[in-house]
2 protein chains.
Amino acid sequence: MTEISREHPRYESLITREKIVEGVRIGITSKQGLVAQGRGEAFDYLIGERTTESAAFAERAAVAHMLLATKLIISVNGNTAALVPENLVALADVTGATLEVNLFHRSDARIHKIAEHLKSRGAGKVLGCKGDKRLDLSHDRAIVDEEGIFNADVVLVPLEDGDRCQKLVEMGKTVISIDLNPLSRTSLSSTVSIIDNVTRALQNMTQFAKDMKHDSRQSLRDVIVSYDNNKVISDALYAIQERLKLQAGERGIQWI
Amino acid sequence: MTEISREHPRYESLITREKIVEGVRIGITSKQGLVAQGRGEAFDYLIGERTTESAAFAERAAVAHMLLATKLIISVNGNTAALVPENLVALADVTGATLEVNLFHRSDARIHKIAEHLKSRGAGKVLGCKGDKRLDLSHDRAIVDEEGIFNADVVLVPLEDGDRCQKLVEMGKTVISIDLNPLSRTSLSSTVSIIDNVTRALQNMTQFAKDMKHDSRQSLRDVIVSYDNNKVISDALYAIQERLKLQAGERGIQWI
């Protein structure tokens, strides 16, 4: 890894980059995934690098869906596997979810490598190697396991492609996305759109799942019924606006 | 390169990613540079993937500075070398600038490879290999050529680090940056902050330089005097806000 001085003003952000570059080096993350990581960084900066009240609300609604699910899958790609393997395993454990590897830049070698990586971090069963069903999409994220995403009623898709997200919703599934762009097709088409950094979101959701695990099914249903996804997206846009306004003010830039 | 269907809704953006991934494959771009590219993509999306009127104004002011310069350098990093080598050469030709390679993740091999890459695209002299002077910074972008950036009165820094940008300004240089984040330290500290995609910016500037090349020195000075950099940054923030508002409206999301 390139040596980065602790004095560098963007030290934390540069270290995260180094982690994901390491993911590429060991064959887990695709190079294109690094660009996607950068897009996320920019939106996280805009949202203020914190979980907004509204995002926490979405995370609770997501957990309610997960705890009520009959067949719950967490879809894992090369970026989440490199950045947050332990968090994925912890959330799966507490919610009873199964992890399924699903890649845009798919190869059998990468799928197996990621599955092994997750198992080395404590994952039990990891799906995605079979790829015995296909969604109606023109790229490799179409390839899924029948006993996994294909038959699931609830799917958590951190860092997803918009068209696959739409397809899963069209199939009648409850889709929970984690995506920092409030106006991405993923955020706009999901049942629950978590507009938060994937590391913070998974940590919060694991805590919420522990808290809510023994709640009655009716009280979980109440959380879902009172949830308004469009409001959460509106709130995220407002948070971006307020953050830009604040930063401009601090820097003597006129807000027009 | 991974096959990408033309039907994919983000086809153009994905193809650009493939280009910069190719830059990594041939040793020109660093893997960390891919993450930086992603950050730029996000801000370009926010600004509407177009040159705003205000950015065009900044590009004209930048060209006026360049045409009045005594010693003009265009700093080249691994991302600009991979994405826009021809545009860098064209702008240098019309303004009489010299290109200098300057890297955050520096190695002699990469510097030479980039210099050769630029020469294969028509560049004459390319500086940056000597590295015989050092700016007061804790990372490798400190290393510059005495006959280049160190002695220049005007420096164009596309996709720059904030701290080096500040340092160059402190040294009394006129610094022109190209950076899509209007509130980055680079944009906030530059003499002229071009808040535009680097491909569009360089193409516009080359055209403006052709148009303005035979203008009198007084008329170039007038362009500079009437230029207000803080206003340009304000305008960029306004453009982002308007773009988000428009997109939210089109998608039925309430703007609060």
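Residues numbered from 1 in each chain as written. Chains lettered and ligands numbered in written order. Predicted model: local features only at pLDDT ≥ 70, side-chain atom pairs only at ≥ 80, totals over all residues. Heavy atoms only, no water.

S.K.: Just to check I follow, could you spell out the overall build of chain A for this structure?
M.R.: In terms of regular secondary structure, chain A is built from 11 helices and 8 strands. Relative to its length of 256 residues, chain A is compact, with a C-alpha radius of gyration of 18 Å against a globular reference of 18 Å. In terms of overall dimensions, chain A has C-alpha extents of about 55 × 45 × 35 Å along its principal axes. When the 256 residues of chain A are sorted by exposure, 60% land in the buried category. Of the contacts formed within chain A by residues at least 6 apart in sequence, a portion of 63% connects residues at least 24 apart. (Helix = DSSP H or I, 4+ residues; strand = E, 2+ residues; numbered from the N terminus. Rg over C-alpha atoms; globule rule 2.2 N^0.38 Å. Buried < 20%, exposed > 50% of the residue type's maximum accessible area, 1.4 Å probe, protein only. Contact = heavy atoms within 4.5 Å.)

S.K.: Would you take a moment to explain the sheet that holds strand β6 (residues 154-158) of chain A for this structure?
M.R.: In sheet architecture, strand pairing relies on hydrogen bonds along the backbone and comes in two forms, parallel and antiparallel. Residues and elements named next belong to chain A. Sheet architecture is open: 6 strands sit in the order β3-β2-β1-β6-β7-β8, paired in parallel fashion. The strands lining the two open edges of the sheet, one partner per strand, are β3 (126-127) and β8 (192-194). Pairing of strand β1 (residues 72-76) with strand β2 (residues 98-101), which is carried by 4 bridges, proceeds in the parallel orientation. Of the residues in β2, the one forming a bridge with Ile 73 is Thr 98. Lying over the sheet, helix α3 (residues 53-68) contacts β1, β6, β7 (174-178) and β8, oriented at roughly 130° with respect to β8. Seen against the sheet, helix α6 (residues 108-120) touches β1, β2 and β3 and runs at an angle of roughly 150° to β2. (Pairing = 2+ DSSP bridges. Axes fitted to C-alpha atoms, helices over the stretch in contact; angles between N-to-C directions.)

S.K.: I tried to follow the interface of chain A and chain B on my own but got confused; where do I start?
M.R.: Contact with chain A, which involves 54 residues of that partner, is made by 54 residues of chain B. When chain A packs against chain B, close to 4600 Å² is buried across both sides, 66% of that on carbon and sulfur atoms. Counting every contact that joins chain A to chain B gives 2 salt bridges. Between Arg 39 of chain B and Glu 41 of chain A there is a salt bridge; the shortest N-O distance is 2.5 Å. Taken together, the links from chain A to chain B amount to 8 residue pairs in polar contact (both at pLDDT 80 or more). When residues of the side of chain A that touches chain B are traced back to their parent elements, those giving at least two are α1 (11-25), α2 (31-47), α8 (185-189) and α11 (229-250) of chain A. Per-element accounting of the side of chain A that touches chain B gives the leading share, 13 residues, to α2 of chain A. Along the lines of polarity and charge, the residues of the side of chain A that touches chain B split into 24 nonpolar, 18 polar and 12 charged. (Buried area = accessible area lost by both parts, 1.4 Å probe. Salt bridge = Lys/Arg side-chain N within 4 Å of Asp/Glu carboxyl O. Polar contact = N/O pair within 3.5 Å; in protein donor to acceptor, adjacent residues only side chain to side chain. Nonpolar A, V, L, I, M, F, W, Y, C, P; charged D, E, K, R; others polar.)

S.K.: Help me out: how do you make sense of the relation of the copies chain A and chain B in this one?
M.R.: These two copies of the chain differ by a rotation about an axis and a displacement along the same axis. For the pair chain A and chain B, the superposition axis carries a translation of 0.0 Å, the fit reaches an RMSD of 0.0 Å, and the rotation angle comes to 180°. Expressed as an axis order, the relation between the two copies is that of a two-fold axis. For chain A, the minimum C-alpha distance to the rotation axis belongs to Gly 38 of chain A and amounts to 2.0 Å. (Least-squares fit on C-alpha atoms with pLDDT ≥ 70 in both.)

S.K.: Help me out: how do you make sense of the pairing of β6 of chain A in this one?
M.R.: Along any regular strand, the residues point their side chains to alternate faces of the sheet. All names here are of chain A. Taking burial as the measure, the 5 residues of β6 include 5 buried ones, the bulk of the element. Here β6 shows no split at all, with Val 154, Leu 156 and Pro 158 on one side and Val 155 and Val 157 on the other all buried. Of the strand pairs in this sheet, β1 and β6 are connected by 3 bridges, and their pairing is parallel. Within β6, the position partnered with Ile 73 by the bridge is Val 155. Summarising the sheet, β6 and β7 pair through 5 bridges and their orientation is parallel. The partner of Val 155 across the bridge, within β7, is Val 175.

S.K.: Looking at this structure, I do not really get the pattern of salt bridges. What am I missing?
M.R.: Close approach of charged atoms allows side chains of opposite charge to pair. Residues and elements named next belong to chain A. Going through the model one piece at a time under the given rule, you end up with 30 salt bridges over all chains. Two residues, Asp 161 and Arg 141, come together in a salt bridge whose shortest N-O distance is 3.1 Å. You can see Asp 161 sitting in the loop between β6 and α7 (162-170) and its partner Arg 141 sitting in the loop between β4 (133-134) and β5 (143-144), a full 20 residues away along the chain. Asp 161 sits in the buried class, given a relative accessible area of 9%. Bridged by salt links that share partners, the residues Arg 141, Glu 160, Asp 161 and Arg 164 form one connected network.

S.K.: Any chance you could explain the sheet that holds strand β6 (residues 154-158) of chain B here in plain terms?
M.R.: Residue and element names in this part refer to chain B. Overall, parallel pairing links the 6 strands, which are arranged β3-β2-β1-β6-β7-β8 in an open sheet. Looking at which strands have only one partner, the edges of the open sheet turn out to be β3 (126-127) and β8 (192-194). Strands in contact with helix α6 (residues 108-120) are β1 (72-76), β2 (98-101) and β3; relative to β2, the strand with the most contacts, it is inclined by about 150°. Those strands touched by helix α7 (residues 162-170) are β1, β6 and β7 (174-178), and its axis lies near 155° from that of β7.

S.K.: Is there a simple way to think about the environment of Gln 203 of chain A in this case?
M.R.: Secondary-structure assignment places Gln 203 of chain A in helix α9 (residues 198-212). The sequence separation of Gln 203 of chain A and Tyr 227 of chain A amounts to 24 residues, and the corresponding C-alpha distance is 21 Å.

S.K.: In this structure, what is going on with the packing of helix α3 (residues 53-68) of chain B against helix α10 (residues 217-225) of chain B? I would like to understand it.
M.R.: If you want to describe how two helices pack, look at the angle between their axes and the distance between the axes. Residue and element names in this part refer to chain B. Running from N to C, α3 and α10 cross one another at 140°; their axes reach a closest spacing of 8 Å. The pairing of α3 with α10 is recorded here as oblique in orientation. Crossing of α3 over α10 shows left-handed handedness. Between α3 and α10, the contacting residues are Arg 60, Ala 61, Ala 64, His 65, Leu 67 and Leu 68 on the first element and Arg 217, Leu 220, Arg 221, Val 223 and Ile 224 on the second. For the contact of α3 with α10, the residue count by class is 7 nonpolar, 1 polar and 3 charged. (Parallel < 35°, antiparallel > 145°, perpendicular 65-115°, else oblique. Left-handed = near helix turned anticlockwise from the far one by under 90°.)

S.K.: What am I meant to see in helix α9 (residues 198-212) of chain B here?
M.R.: The α-helix advances 3.6 residues per turn, and as a result positions three or four apart in sequence lie on the same side. The end-to-end C-alpha distance of α9 of chain B is 20 Å, a good match for the 21 Å that 15 residues give at a rise of 1.5 Å each. A distance of 2.8 Å separates the backbone nitrogen of Thr 199 of chain B from a side-chain oxygen at the start of α9 of chain B, and that oxygen is part of Asn 197 of chain B. (Expected span 1.5 Å × (residues − 1).)

S.K.: What is the right way to read unusual backbone geometry from this model?
M.R.: Comment: phi is negative for the bulk of residues other than glycine, and the bulk of peptide bonds are trans. Phi at Glu 49 of chain A is positive, roughly 50°, even though this residue is not glycine. Checked against the element boundaries, Glu 49 of chain A lands in the loop between α2 and α3. Even without being glycine, Leu 159 of chain B reaches a positive phi, approximately 55°. Here Leu 159 of chain B shows up in the loop between β6 and α7. Relative accessible area serves as the criterion here: at 29%, Leu 159 of chain B is assigned to the partly exposed category.

Without other data, these values stay purely geometric and don't point to any function.
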